[in-house]
Amino acid sequence: MKKFHRPKPATDPQSRYRRHRRLVRFGQVLMAAGALVAIGHWIAHLAPAGQGPSITQDILIGYPTGGLLILIGAVIAGRTETKKR
């Protein structure tokens with residue numbers, strides 16, 4: 001049985017550049033969201049004693065989530081533009 005493959009459509013440099021810029025902006029938005037999560041968690045720690053985040057929120061939601069979002073955003077935003085082969 002033969003397998004037929006569709007040829008890949010030729011992409012022009014402008015569309016590749018636009019796609020790359022969209023990925024960079026998406027990564028930057030993820031990094032900003034991660035920073036907001038971490039800052040919000042830090043502000044929650046400034047609450048009077050007994051009113052701060054619980055241990056579950058501290059371990060799962062606060063800084064790890066903010067750091068993970070920043071890391072994923074940095075990886076996406078830091079990708080180099082693909083070269084034409």
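Predicted, not measured: the structure shown is a model, and the values here were computed from it.

## A look at the confidence of the model for the chain
For step 1, the next point in the chain: Averaged over all residues, the pLDDT of the chain is 84; the fraction at 70 or higher stands at 88%.
For step 2, the next point in the chain: When mean pLDDT is compared element by element in the chain, helix H3 (residues 63-77) scores highest at 93, while helix H2 (residues 55-61) scores lowest at 80.

## Remarks on the environment of Glu81
For step 1, the next point in the chain: Within the element layout of this structure, Glu81 appears in the segment after H3.
For step 2, the next point in the chain: Overall, Glu81 belongs to the partly exposed group, its relative accessible area being 31%.
For step 3, the next point in the chain: For the pair Glu81 and Tyr17, spaced 64 residues apart in the sequence, the C-alpha separation amounts to 7.5 Å.
For step 4, the next point in the chain: Apart from the residues within four sequence positions on either side, Glu81 is in contact with Tyr17 and His20.

## A word on a positive patch on the surface
For step 1, the next point in the chain: Residues Arg18, Arg19, Arg22 and Arg79 make up a contiguous surface patch of positive charge.
For step 2, the next point in the chain: Residue position: Arg18 is located in helix H1 (residues 13-45).
For step 3, the next point in the chain: You can call Arg18 partly exposed: its relative accessible area is 46%.

## Examining the environment of Gly27
For step 1, the next point in the chain: By secondary structure assignment, the location of Gly27 is in helix H1.
For step 2, the next point in the chain: Considered as a pair, Gly27 and Gly78 are 51 residues apart in the sequence and their alpha carbons are 8.0 Å apart.
For step 3, the next point in the chain: Excluding residues within four positions of it along the chain, Gly27 makes contact with Gly73, Ile76 and Ala77.

## Considering a nonpolar patch on the surface
For step 1, the next point in the chain: There is a patch of nonpolar side chains on the surface, built from Ile39, Trp42, Ile43, Leu46 and Tyr63 and spanning about 530 Å² of accessible area.
For step 2, the next point in the chain: When you line up the elements, Ile43 lands in helix H1.

## Considering H3
For step 1, the next point in the chain: With 15 residues, H3 ought to run about 21 Å at 1.5 Å a step, and its terminal C-alpha atoms sit 21 Å apart, in line with that.
For step 2, the next point in the chain: Within the span of H3, buried status applies to Gly66, Gly73, Ile76 and Ala77. Take H3 and look down its axis: the buried residues cluster within an arc of 100°, on one side only. Turned more than 90 degrees away from the buried face of H3, the exposed residues are Leu71 and Val75.
For step 3, the next point in the chain: On its buried face, H3 is in contact with H1.

Calculation criteria
- Residues numbered from 1 in each chain as written.
- Predicted model: local features only at pLDDT ≥ 70, side-chain atom pairs only at ≥ 80, totals over all residues.
- Heavy atoms only, no water.
- pLDDT = per-residue confidence, 0-100.
- Helix = DSSP H or I, 4+ residues; strand = E, 2+ residues; numbered from the N terminus.
- Buried < 20%, exposed > 50% of the residue type's maximum accessible area, 1.4 Å probe, protein only.
- Contact = heavy atoms within 4.5 Å.
- Patch = residues over 30% accessible without salt bridge, like charges linked within 9 Å, V, L, I, M, F, W, Y side chains within 5 Å.
- Areas by Shrake-Rupley, 256 points an atom, 1.4 Å probe, with all protein chains shown as cover.
- Salt bridge = Lys/Arg side-chain N within 4 Å of Asp/Glu carboxyl O.
- Lys, Arg positive; Asp, Glu negative; His and termini not counted.
- Charge placed at Lys NZ, Arg CZ, Asp CG, Glu CD.
- Expected span 1.5 Å × (residues − 1).
- Arc of directions from axis to C-beta.

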